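Listed below are the residues making up each chain.
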Amino acid sequence: GSQDDFQIYVWSVKTGRLLDVLAGHEGPVSGLAFSPTQPLLASCSWDKTVRTWDVYDGKSQLEVLQHSHDVLALAWRPDGKQLASATLDGQIYFWTAQDAAIEGVIEGRRDIRGGRLASDRRSAGNLSSGAAFTSLTYSADGSLLFAGGRSKHVCVYDVAEKVLLRRFQVTHNRSLDGVLDQLNSKHMTDAGPLQLIAHEDADSDDELLPAGGDPAAAADVPGTANRKRAVARTRALALSPTGATWAAATTEGLLLYALDAGLNFDPTDLTEALTPQAFHAALAGRAYVRALLIALRLGDPALLKHGLLSVPPQHVATAAGQLPPLFLQGMLSCMAECLEESPHMEYLLSWVKALLLAHGPALAAASGGGAALRAALARGGEA
């Protein structure tokens, strides 16, 4: 979709040839989406319309869905029976794909508002006048709609009830503009915010220097004369097919949210092959935590016991503190087995103490909470 000539260009992915040019919009095209179940392409534009096209049979434009404001984003429900569109005034419209009838509207302007710009001269009560969603996406089952845009928040709506379920704040970085909810009026002058005003001495000898200025400032290099700060925004949203994880492309970068609190990034999977040879090499290099992680990833009880008993006593506390919470249950299960069959009771108890000191809250919150270990300790105490 073009923002210059307001047309839509269709290319063949296989051949790379231009197949068709769809004309009809009277403003910049702001979004495109193919239906997951029908041969339809939906487009939205600043001309306050959403249009559907049949790009396969060459029947061109099929339906025109009129809105009261510029349309900024759209998304198809996974079953292809519903289309959602977001407009400049912060509303989200739901349309039926079969007869292009409106099913409902969400007033999301107050939901997305939050965070004031340093240059904002409006009162807090009028803060929502510029808030709008620029990215929409459905969950895999079509029951939830994620919406993000010109705000530090991502909103999650129930599609059936058209109500807000939760808001996620994607950043707390105060170096970004639009994060603070309240501004200090002392920093606002008739010429604008104080932090955006270049305070220069009028009697400075710089006036005698030849014109030209700083090349870096002229090139808008960060950290030079440009005093503007990046604004907290959400550019795009995407959900995993299982619905357990969703991602947001924001001003700060790509953010991943997961239902599994133990889902952590582990560089071991990227830097070394998960093989027994890599385990022994890590032990030989005294990389005890790496060796334990490789053994846990492989799921080999013999390797894990060998790695557990190979850690020197003076390194137990350090190794226990560096283990990710994701692998605590595996470590506790291994210790429970070792306590029943190993003569190194004092050494294993030092491991238990180090894990409890380093990860006590996580173990208490986890389901089971190390029940196997408690049972093994109880049997050992009876013996």
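Look a little higher up for the structure.
Just so it is clear, the model here is predicted, and its values are computed rather than measured.

Some points on the overall build of the protein chain
Working step 1: The secondary structure content of the protein chain amounts to 10 helices and 19 strands.
Working step 2: Per-residue burial for the protein chain yields a buried fraction of 40% across its 383 residues.
Working step 3: Taking as baseline every contact in the protein chain between residues at least 6 positions apart, the subset at least 24 positions apart corresponds to 47%.
Working step 4: For the protein chain, the exposed surface amounts to about 21,400 Å²; the carbon and sulfur share of it is 53%.

What about the pairing of strand β7 (residues 71–76)?
Working step 1: Along β7, 6 of the 6 residues are buried, which leaves the element largely enclosed by surrounding structure.
Working step 2: Once β7 ends, the chain turns through 5 residues before running back antiparallel as strand β8 (residues 82–87), passing G80 with a positive phi of about 75 degrees.

Focus on the side chain of D158
Working step 1: Assignment of secondary structure puts D158 in strand β13 (residues 153–158).
Working step 2: For the buried D158, no salt bridge exists, and the shortest N-O distance to an oppositely charged side chain is 7.1 Å, to K162.
Working step 3: In contact with D158, other than residues within four places in its own chain, are S143, L144, V163 and L165.

Describing the nonpolar core
Working step 1: One finds L308, V311, L323, M331, W351 and L355 to be the most contacted residues of the largest nonpolar core, which totals 35 residues.
Working step 2: At the level of secondary structure, the elements contributing two or more residues to this core comprise α4 (276–284), α5 (288–298), α6 (301–310), α7 (316–322), α8 (328–341) and α9 (345–365).
Working step 3: Element by element, the count of residues in this core is highest for α5, at 8 residues.
Working step 4: Among the nonpolar cores identified, the runner-up in size contains 17 residues, and A86, F94, L145 and C155 belong to it.

Quick word on the sheet that holds strand β19 (residues 253–258)
Working step 1: The 3 strands lie next to each other as β17-β18-β19, forming an open sheet whose pairing is antiparallel. Of all the strands in the sheet, just β17 (234–239) and β19 have a single pairing partner and so form its edges. Strand-to-strand, the axes of this sheet are offset by a mean angle of 20 degrees, without reference to chain direction.
Working step 2: With 5 bridges joining them, β17 and strand β18 (residues 245–250) adopt antiparallel strand pairing. Each bridged residue has a counterpart across the sheet, and for A236 the counterpart in β18 is A249.

With respect to the environment of R167
Working step 1: Inspection of the secondary structure assignment puts R167 in strand β14 (residues 163–169).
Working step 2: Between the C-alpha atom of R167 and that of K152, which follows or precedes it by 15 residues, the distance is 9.8 Å.
Working step 3: Beyond its immediate sequence surroundings of up to four residues, R167 is in contact with R110, D111, R113, H153, V154 and C155.
Working step 4: Separated by 2.6 Å, the side chain of R167 and the backbone oxygen of D111 make a polar contact.

What about the sheet that holds strand β12 (residues 144–149)?
Working step 1: Read from one edge to the other, the open sheet built from 4 strands follows the order β11-β12-β13-β14, with strand pairing classed as antiparallel. Looking along the sheet, the strands with just one partner apiece sit at the ends: β11 (133–138) and β14. Each adjacent strand pair in this sheet contributes to an overall mean axis angle of 25 degrees, direction not counted.
Working step 2: Relative to β13, β12 is paired through 5 bridges, and the arrangement is antiparallel. Following the sheet pairing, G148 is matched in β13 by V154.

Remarks on the layout of surface pockets
To find leftover empty space, one rolls a probe the size of a water molecule over the atoms.
Working step 1: Of the pockets and cavities examined, the second largest pocket occupies roughly 250 Å³.
Working step 2: For the second largest pocket, the lining is made up of 14 residues, of which F146, F168, G243, W246 and L259 are closest to its centre.
Working step 3: Going through the elements one at a time, β12, β14, β18 and β19 are the ones with two or more residues in the lining of the second largest pocket.
Working step 4: Of the residues belonging to the lining of the second largest pocket, the class tally is 10 nonpolar, 3 polar and 1 charged.

Things to note about the pattern of salt bridges
Working step 1: One pass over the structure, following the stated rule, counts 4 salt bridges.
Working step 2: Across the pair D79 and R77 runs a salt bridge whose closest N-O atoms are separated by 2.9 Å.
Working step 3: You can call D79 partly exposed: its relative accessible area is 33%.
Working step 4: A salt bridge links K305 to E337, with the shortest nitrogen-to-oxygen separation between them at 3.3 Å. In this pair, K305 is assigned in helix α6 and E337 in helix α8, connecting sequence segments 32 residues apart.
Working step 5: The class of E337 is partly exposed, set by a relative accessible area of 38%.

Quick word on the state of the cysteines
Working step 1: For the structure shown, the criterion picks out 0 disulfides.
Working step 2: Summary of cysteine pairing: C338 is not part of a disulfide, and the nearest cysteine sulfur, belonging to C334, is at 4.1 Å.

The rules behind each value
Each residue is numbered by its place in its chain's sequence as written, counting from 1. Per-residue local features of the predicted model are confined to residues with pLDDT of at least 70, and side-chain atom pairs are confined, for both listing and counting, to 80 or more; whole-chain, interface and lining totals are unaffected and use all residues. Excluded from the side-chain calculations are hydrogens and water; all other atoms, namely the structure's heavy atoms, are used. Secondary structure elements follow DSSP: runs of H or I of four or more residues count as helices, runs of E of two or more count as strands, with numbering from the N terminus. Three exposure classes are used, based on accessible area relative to the maximum for each residue type with a 1.4 Å probe and protein chains only: buried under 20%, partly exposed in between, and exposed over 50%. The contact criterion used throughout is that any non-hydrogen atoms of two residues lie within 4.5 Å. Each accessible area is a Shrake-Rupley result for a 1.4 Å probe, and residues are judged covered by the shown protein chains and nothing else. Note: two strands are recorded as paired if DSSP finds a minimum of 2 bridges between them. The positive count covers Lys and Arg only, the negative count covers Asp and Glu only, and His and the chain ends enter neither. When a carboxyl oxygen of Asp or Glu is within 4 Å of a side-chain nitrogen of Lys or Arg, the pair counts as a salt bridge. Here, nonpolar core means buried Ala, Val, Leu, Ile, Met, Phe, Trp, Tyr and Cys residues that are tied together by side-chain atoms lying within 4.5 Å of each other. Each axis is a line fitted through C-alpha atoms, taken for helices only over the stretch in contact, and angles between the N-to-C directions span 0 to 180 degrees. For this analysis, a polar contact is any N or O atom pair within 3.5 Å, provided that within protein one partner can donate a hydrogen and the other can accept it, and provided that sequence-adjacent residues contribute only side-chain to side-chain pairs. Only protein atoms enter the calculation, which uses a 1 Å grid: trapped sets of points that fit a 1.4 Å probe without letting it out are cavities, open sets showing protein on both sides within 12 Å along at least five of seven lines are pockets, and any residue with an atom within 4 Å of a point is a lining residue. Grid points are joined across faces, edges and corners, and a volume is the space filled by probe spheres set on the points. Any residue that is not Ala, Val, Leu, Ile, Met, Phe, Trp, Tyr, Cys, Pro, Asp, Glu, Lys or Arg is counted as polar, Gly included; the first ten are nonpolar and the last four charged. Two cysteine sulfur atoms make up a disulfide if the distance between them is within 2.5 Å.

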